[in-house]
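# Understanding the architecture of this molecule
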Amino acid sequence: MIGLDILKLFRQMLSNGHYIQSCYNEESIPGKWAYQNSFYHHDFLLIGYDDVKKVFLSAGYLKDRKFQRYEIPYSNMLQSILSLKMERLWFSFWTYNPDVSFFLNLPRVISELSDYLNSTTSLSIYQGENLYGLVTIEALGDLFQKQGRARETDRF
């Protein structure tokens, strides 16, 4: 990287209220399943930093399969980007539009949660013989069992 201090750029953008999205090699990221194990190209989102601890703050899934906030030491972050097998790096910087007013549509939230729990949909754009909500999880399990049985039959 000629002339670009990635860590400084990240800290400046975060200080200016931007979130940072890009890709890194999870082999260098503590807490990730690929850490010190194997190259794994994946996306990330940075939400803050701590110059005292010298870490970036991120949110995502760790090896325990739970979505959570976690810390990435500056040196690990740099290594994770520099070890990518890409011709070009890219970074997206996101911020909220302060002029947009947000509101909670509680009736819609209740309706969609009810639809999910009852495996239905009240939205007219989704008509037909589709599966919804909790029933989809059961159907996926059935599909996996069916495919597993088919593979066992193919082996013998």
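The following paragraphs examine the structure supplied in this document. (Residues numbered from 1 in each chain as written. Predicted model: local features only at pLDDT ≥ 70, side-chain atom pairs only at ≥ 80, totals over all residues. Heavy atoms only, no water.)

Next up on the list: the overall build of the chain. The helix and strand tally for the chain stands at 4 helices and 5 strands. Listing every helix and strand of the chain by position from the N terminus yields α-β-β-β-β-α-β-α-α. With the C-alpha coordinates aligned to their principal axes, the bounding extent of the chain is approximately 55 × 55 × 30 Å. Within the chain, the fraction of its 156 residues that count as buried is 24%. Across the chain, every contact between residues at least 6 apart in sequence was considered, and the portion connecting residues at least 24 apart equals 48%. Taken together, the 16 basic and 17 acidic charged side chains of the chain have centroids lying 6 Å from each other. (Helix = DSSP H or I, 4+ residues; strand = E, 2+ residues; numbered from the N terminus. Buried < 20%, exposed > 50% of the residue type's maximum accessible area, 1.4 Å probe, protein only. Contact = heavy atoms within 4.5 Å. Lys, Arg positive; Asp, Glu negative; His and termini not counted. Charge placed at Lys NZ, Arg CZ, Asp CG, Glu CD.)

Here we take up the pairing of strand 4 (residues 67-73). Every regular strand shows the same layout, with side chains that alternate between the two sheet faces. As judged from the 7 bridges shared by strand 3 (residues 55-61) and strand 4, these two strands associate in the antiparallel manner. Bridging across to strand 4, Gly60 finds its partner in Gln68. Connecting the antiparallel pair strand 3 and strand 4 is a turn made up of 5 residues, with Arg65 showing a positive phi of about 65 degrees. (Pairing = 2+ DSSP bridges.)

Right, let's get into the packing of helix 1 (residues 6-15) against helix 2 (residues 74-82). Their axes nearest at 10 Å, the elements helix 1 and helix 2 cross at an angle of 115 degrees. It follows from the interaxial angle that helix 1 and helix 2 lie roughly perpendicular. Read as a crossing pair, helix 1 and helix 2 show a hand that is right-handed. Note on element contacts: helix 2 touches helix 1 through Tyr74, Met77, Leu78 and Ile81, opposite Ile6, Leu7, Phe10 and Arg11. Split into classes, the residues belonging to the contact of helix 1 with helix 2 amount to 7 nonpolar, no polar and 1 charged. (Axes fitted to C-alpha atoms, helices over the stretch in contact; angles between N-to-C directions. Parallel < 35°, antiparallel > 145°, perpendicular 65-115°, else oblique. Left-handed = near helix turned anticlockwise from the far one by under 90°. Nonpolar A, V, L, I, M, F, W, Y, C, P; charged D, E, K, R; others polar.)

Attention shifts here to the sheet that holds strand 5 (residues 92-94). Strand order in the open sheet formed by 5 strands is 4-3-2-1-5, with antiparallel pairing between adjacent strands. Each end of this open sheet is capped by a strand with a single partner; those strands are strand 4 and strand 5. Recorded for the sheet is a direction-independent mean angle of 40 degrees between the axes of neighbouring strands. Where helix 2 meets the sheet, it contacts strand 1 (19-25), strand 2 (41-50), strand 3 and strand 4, and its direction lies at approximately 95 degrees from that of strand 4.

Turning our eyes to something else, we now look at the nonpolar core. If you look at the biggest cluster of nonpolar residues, it comprises 17 residues, and the most contacted ones within it are Phe10, Tyr24, Leu46, Phe56 and Met77. Secondary-structure elements contributing two or more residues to this core are helix 1, strand 1, strand 2, strand 4 and helix 2. Among the elements that make up this core, the one with the highest residue count is helix 1 (5 residues). (Core = buried A, V, L, I, M, F, W, Y, C linked by side-chain atoms within 4.5 Å.)

This part is about the side chain of Ser83. Mapped onto the fold, Ser83 is located in the loop between helix 2 and strand 5. A polar atom in the side chain of Ser83 sits 3.0 Å from the side chain of Asn25. Not counting residues within four places of it along the chain, the set of residues in contact with Ser83 comprises Asn25, Ser28 and Phe39. (Polar contact = N/O pair within 3.5 Å; in protein donor to acceptor, adjacent residues only side chain to side chain.)

Moving on, we come to helix 3 (residues 106-117). Spanning 12 residues, helix 3 covers 16 Å between terminal C-alpha atoms, matching the ideal 16 Å at 1.5 Å per step. Following helix 3 by one or two positions, Ser119 has its phi on the positive side, about 55 degrees. (Expected span 1.5 Å × (residues − 1).)

Turning next to helix 2. For helix 2, the set of buried residues is Tyr74, Asn76, Met77, Ser80 and Ile81. One face of helix 2 carries all of its buried residues, which in axial projection span an arc of 165 degrees. The secondary structure elements touched by the buried residues of helix 2 are helix 1, strand 1, strand 2, strand 3 and strand 4. (Arc of directions from axis to C-beta.)

Geometric descriptors of this kind do not, in isolation, establish any biological role.
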